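Descriptive analysis of the structure
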Amino acid sequence: KMPESIQKPDYANEPDGRSEIERVGMREVPVLEGDQLATMKEVCRLGREVLDIASRFLKAGVTGDQIDRIVYQACVERQLYPSPLNYNGFPKTVCVSANEVICHGIPDCRPIEEGDIINLDVSVFYKGFHSDLNETFLIGQCDEDSQRLVRTAYKSLHAAAKLIRPGTFYRDVGNDIH
């Protein structure tokens, strides 16, 4: 449970964690300017801080639950709401995806192992905006296939970034880098 002083998204206190804003849907991508753009940049910077803090603790033997507690504390210290918490019933503050878990892994008591590929997905809500950041980490010594997989994903990310501009839909980016 988050402190009352932290602003929460519309789904935070819903029993099913469903967002009314998402039920209505959005037909176009908004273009942010002025104060809205400044706030979005601020929430992205704060989200990055939380991701960087969590990543410092990634090593063999640490559990996803421990990373979750670190993210919770970093969010509270910055007056951020961790966006995954109760989103469609998600029980944790961060997604920790190991190896074959592509995304949205639920942190648990499984210790991270040498050679794991771990993706941390940190999303935070602040002043009415969400930021959503993730990064993939190789834990200790990883085999060549694991390293190649992460390099290929990273190259795809950069190819997609070249396509981003106001009005671009995610599906268009996916089609272009496929």
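Above this note sits the structure.
Fair warning: this is a prediction, and the values are worked out from it, not measured in the lab. (Residues numbered from 1 in each chain as written. Predicted model: local features only at pLDDT ≥ 70, side-chain atom pairs only at ≥ 80, totals over all residues. Heavy atoms only, no water.)

Regarding the side chain of Thr93
- For Thr93, the location among the structural elements is in the loop between strand S1 (81-82) and strand S2 (95-98).
- For Thr93, a relative accessible area of 4% corresponds to the buried category.
- A distance of 2.7 Å separates the side chain of Thr93 from the side chain of Asp68, its partner in a polar contact.
- If near-sequence neighbours (up to four positions away) are discounted, Thr93 is found in contact with Asp68, Val71, Tyr72, Pro82, Pro84 and Leu85. (Helix = DSSP H or I, 4+ residues; strand = E, 2+ residues; numbered from the N terminus. Buried < 20%, exposed > 50% of the residue type's maximum accessible area, 1.4 Å probe, protein only. Polar contact = N/O pair within 3.5 Å; in protein donor to acceptor, adjacent residues only side chain to side chain. Contact = heavy atoms within 4.5 Å.)

Things to note about the pairing of strand S3 (residues 117-126)
- In terms of burial, S3 is a largely internal element, 10 of the 10 residues being buried.
- Residues Ile117, Asn119, Asp121, Ser123 and Phe125 of S3 are buried on one face, and the alternating residues Ile118, Leu120, Val122, Val124 and Tyr126, pointing to the opposite face, are buried as well.
- In this sheet, S3 lies alongside S2 in antiparallel orientation, the contact comprising four bridges. Across the sheet, Val96 pairs through a bridge with Leu120, a residue of S3.
- The pairing of S3 with strand S4 (residues 129-138) spans 10 bridges and is classified as antiparallel. Its bridge partner being in S4, Asp121 is matched across the sheet by Asn134. (Pairing = 2+ DSSP bridges.)

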